[in-house]
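Reading the structure
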Amino acid sequence: VQLQASGGGLVQAGSSLRLSCAASGLRFSTYSMGWFRQAPEKEREFVAAVSWSGGSSAYADSVKGRFTVSRDNAKNTVSLQMNSLKPEDTAVYYCATSRYQTVATMRTANNMDYWGKGTLVTVSS
């Protein structure tokens, strides 16, 4: 299983970014997918998750209403649209998955089996 996140960059507060994660080596349409982030000197934290069908999703309270997770099963990609970015959103963002986790159980990083390399998002004030 390979996951490759992209789309990070340096933006000003209030801006938007769209992250993408390309997946291979798995039957993508049967896996729920998650996004996590890790800021310097902080633990990795849950950001968002989307079910295998795209029909349900979950968000961390800190990003609810600003971030939207979506997927395209035809292209084996999952995206994270990030609006109204804040300096505290600065982190390396990772996509991750596990065959046995659902949107409800993906909030714990230790539950995930496969991780991408991450993409850096820096939000300046």
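Predicted model, so just to flag it, every value in this text is computed and none were measured.

Take the overall build of the protein chain next. Summing up its helical and strand segments, the protein chain has zero helices and eleven strands in all. For the protein chain, the N- to C-terminal ordering of α and β elements is β-β-β-β-β-β-β-β-β-β-β. Taken over C-alpha atoms, the radius of gyration comes to 13 Å for the protein chain, in line with the 14 Å a tight globule of 125 residues would show. Seen through its C-alpha atoms, the protein chain measures out along the principal axes to roughly 40 × 25 × 25 Å. Relative to its full complement of 125 residues, the protein chain shows a buried share of 43%. Partitioning the contacts of the protein chain with sequence separation of at least 6, the portion at a separation of at least 24 is 59%. Within the structure as shown, the protein chain displays about 6,400 Å² of accessible surface, and the carbon and sulfur contribution to it stands at 45%. Here the protein chain contributes 13 positively and 8 negatively charged side chains, and the mean placements of these two sets differ by 8 Å.

Taken together, the four strands give an open sheet; going across it, the order is β1-β3-β8-β7, and neighbouring strands pair in antiparallel fashion. In this open sheet, the two edge strands, each paired with only one partner strand, are β1 (2-6) and β7 (67-72). With strand direction ignored, the average angle separating the axes of adjacent strands in the sheet is 15°. Bridge count between β1 and strand β3 (residues 17-24): five bridges; the pairing is antiparallel. Among the inter-strand pairings, Q2 is bridged to a residue of β3, identified as S24.

Moving on, we get to the packing of aromatic side chains. Scanning the entire structure with this criterion turns up three aromatic pairs. The interplanar angle of 75° and the centroid separation of 5.8 Å between the aromatic rings of F36 and F46 together place this pair among those described as edge-to-face. Highlighted residues: F36 in strand β4 (residues 33-38) and F46 in strand β5 (residues 45-50), separated in sequence by ten residues. Across this residue pair, the class does not change: F36 and F46 are buried. Members of the aromatic cluster, connected to one another through ring pairs, are F36, F46, Y94 and W115. Taking NZ or CZ as reference, R44 lies 4.6 Å from the ring centre of W115, over its face.

Conventions adopted
Residues numbered from 1 in each chain as written. Predicted model: local features only at pLDDT ≥ 70, side-chain atom pairs only at ≥ 80, totals over all residues. Heavy atoms only, no water. Helix = DSSP H or I, 4+ residues; strand = E, 2+ residues; numbered from the N terminus. Rg over C-alpha atoms; globule rule 2.2 N^0.38 Å. Buried < 20%, exposed > 50% of the residue type's maximum accessible area, 1.4 Å probe, protein only. Contact = heavy atoms within 4.5 Å. Areas by Shrake-Rupley, 256 points an atom, 1.4 Å probe, with all protein chains shown as cover. Lys, Arg positive; Asp, Glu negative; His and termini not counted. Charge placed at Lys NZ, Arg CZ, Asp CG, Glu CD. Pairing = 2+ DSSP bridges. Axes fitted to C-alpha atoms, helices over the stretch in contact; angles between N-to-C directions. Phe/Tyr/Trp six-rings, centres within 6.5 Å; stacked < 30°, edge-to-face > 60°. Lys NZ or Arg CZ within 6 Å of the ring centre and 35° of its normal.

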